[in-house]
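Topology and contacts: notes
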Amino acid sequence: MTIAESPVTPTAFSEPSSTPLALLLLGRGSDPESERGVDCPGELPPASDPDLVARALAAKATLGSRVFVLGHHYQRDEVIQFADVTGDSFKLAREAAARPEAEFIVFCGVHFMAESADILTSDSQTVVLPDLAAGCSMADMASDQQVREAWAALEAAGVAADTIPVTYMNSSAAIKGFTGEHGGLVCTSSNAERALRWAFEQGTKVFFLPDEHLGRNTAVRELGLTLEDCVLYNPWKPNGGLTVEQLRNAKVILWRGHCSVHGRFSPENVDDVRARIPGINVLVHPECTYEVVEKADYVGSTEYIIRMLDQAPAGSAWAIGTELNLVRRVAAAHPDKRVVFLEKTVCYCSTMNRIDLPHLVHQLEALVRGDVINQIHVDPIVAAHARTALERMLALP
Ligand code: SF4
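The structure presented is a predicted model; accordingly, all values stated were derived computationally and were not measured.

Take the overall build of the protein next. In terms of regular secondary structure, the protein is built from 17 helices and 13 strands. Classification of the 397 residues of the protein by burial places 50% in the buried group. A fraction of 71% describes how many contacts in the protein between residues 6 or more apart in sequence connect residues 24 or more apart.

Below, the structure written as structure tokens:
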């Protein structure tokens, strides 16, 4: 691929103005609509405490190699500065497993990521999430009960035996467990194509959970299927809103779920940025809609986005469609390139942003006191099935 150079003068990254709605969800308190919706036990330090950085440093130093802090790419700067390693959810879970000497894994990310770390780490390691209300709207869109009801509908239609479930990493441990239990595997945004090809070697249909966009983008753009080969299963409708005939004819049954951050980017955003900045390269995450991905120049995971910007020539211009914390950091790391956010308004992941410095300090200081709060523990049977699904992914060619 050749990266188009653009005759632009690099300018400082300007952050879109935030909205009061986004800020309401951050920091303290519980969101009754969120995945977990719970408060942290104990008194959180106030965000205005000028000693928060010093307190986090001191607690981390006291814990030493007993603690390992993981920071997802979408975390705030104030938190990511304390991460021992940064990355996407799967990389972080593997990093945790590779450090058996770390007694405590502090996962600065969201609930399903901490679950994956608990599944992949040893029994002697304890995984904690600094705010248990840091869920994921996409993972919340597929509950265990809903997915089992859908599978029953596939069985009633006579197609379950030939269908391989594939779940995106961004799903609860229960859904990963369901997938492992039914002969399927987990995928990431980097290996979704290989995962779908593997699934089609095992069966004739794929049941893709819970991100319809990643499933559709991969099936149509990477595997060459048609949009008509894919049907959308809506868990809120009887039989998913599909006829038995539709279930039988489909090659890919997509779960109706999406990321509330990436789902906000629109084809008009792409047209608008191209009109404003001629020659700009549009780079988006595959959780964006099919229409957005079709209009983009490049599509890939967060790690791919970081790599593309690292390799881009000085003076080139980029509009990036992914979470804003990552885009801001990428922009700051490349002052010789022009990096803009694809959407005009704020697009943080509000649940990721629940992990702030007060929560991190609260978590670390609790561990120093010997008080294990906010532990994430996956049921051993669910974990065993989920591990099977993860191991199938690791074995992909
Ligand atoms: S960015 Fe989207 S998929 Fe990732 S944690 Fe936030 S809501 Fe979930």
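Having seen it, we continue.
Lining the immediate environment of the ligand, one finds 13 residues, of which Cys136, Met138, Cys259, Val261 and Cys349 sit closest. Class assignment for the residues of the shell around the ligand results in 8 nonpolar, 4 polar and 1 charged.

Right, let's talk about the sheet that holds strand β9 (residues 252-255) for a bit. Read from one edge to the other, the open sheet built from 5 strands follows the order β6-β5-β7-β9-β8, with strand pairing classed as parallel. Of all strands in the sheet, those with a lone pairing partner are β6 (185-187) and β8 (230-233), marking the two edges. Neighbouring strand axes in the sheet, compared pairwise and without regard to direction, differ in orientation by 25° on average. Inspection of the sheet shows strand β5 (residues 163-168) paired to strand β7 (residues 205-209) by 5 bridges, in the parallel sense. What sits directly across from Thr163, in β7, is Lys205. Lying on the sheet, helix α10 (residues 212-222) is in contact with β5, β7, β8 and β9; it crosses β9 at an angle near 155°.

Attention shifts here to the sheet that holds strand β12 (residues 317-321). The sheet built from 4 strands is open, its strands ordered β11-β10-β12-β13 with parallel pairing. The sheet terminates laterally at β11 (298-299) and β13 (338-341), the two strands that pair on one side only. The pairing of strand β10 (residues 281-284) with β11 spans 2 bridges and is parallel. Paired with Val284 across the strands is Val299, a residue of β11.

Another aspect to go through is the nonpolar core. Counting 122 residues, the largest nonpolar core has Phe107, Ala117, Val284 and Ile320 as the members making the most contacts within it. Apart from residues no more than four positions distant in its own chain, Phe107 is found in contact with Leu70, Met113, Ala114, Ala117, Val127, Val128 and Leu129.

With 6 of its 6 residues buried, strand β1 (residues 67-72) lies for the most part within the structure. Taking every second residue as pointing to the same face, both faces of β1 are buried, with Val67, Val69 and Gly71 on one and Phe68, Leu70 and His72 on the other. As paired elements, β1 and strand β2 (residues 85-87) share 3 bridges and run parallel to each other. Each residue of the ladder has a partner; that of Leu70, found in β2, is Val85.

In this section: helix α14 (residues 302-311). All of the buried residues in α14 are Thr302, Ile305 and Leu309. Angularly, the buried residues of α14 cover 60° about the axis, an arc narrow enough to put them on a single face. Across from the buried face of α14, at angles greater than 90 degrees, the exposed residues are Arg307, Asp310 and Gln311. Looking at the buried side of α14, the elements it contacts are β10, β12 and α15 (324-333).

About the thresholds
- Residues numbered from 1 in each chain as written.
- Predicted model: local features only at pLDDT ≥ 70, side-chain atom pairs only at ≥ 80, totals over all residues.
- Helix = DSSP H or I, 4+ residues; strand = E, 2+ residues; numbered from the N terminus.
- Buried ≥ 20, exposed ≤ 12 C-beta atoms within 10 Å, placed from the backbone.
- Contact = placed C-beta atoms within 7 Å.
- Near = placed C-beta within 6 Å.
- Nonpolar A, V, L, I, M, F, W, Y, C, P; charged D, E, K, R; others polar.
- Pairing = 2+ DSSP bridges.
- Axes fitted to C-alpha atoms, helices over the stretch in contact; angles between N-to-C directions.
- Core = buried A, V, L, I, M, F, W, Y, C linked by C-beta atoms within 7 Å.
- Arc of directions from axis to C-beta.

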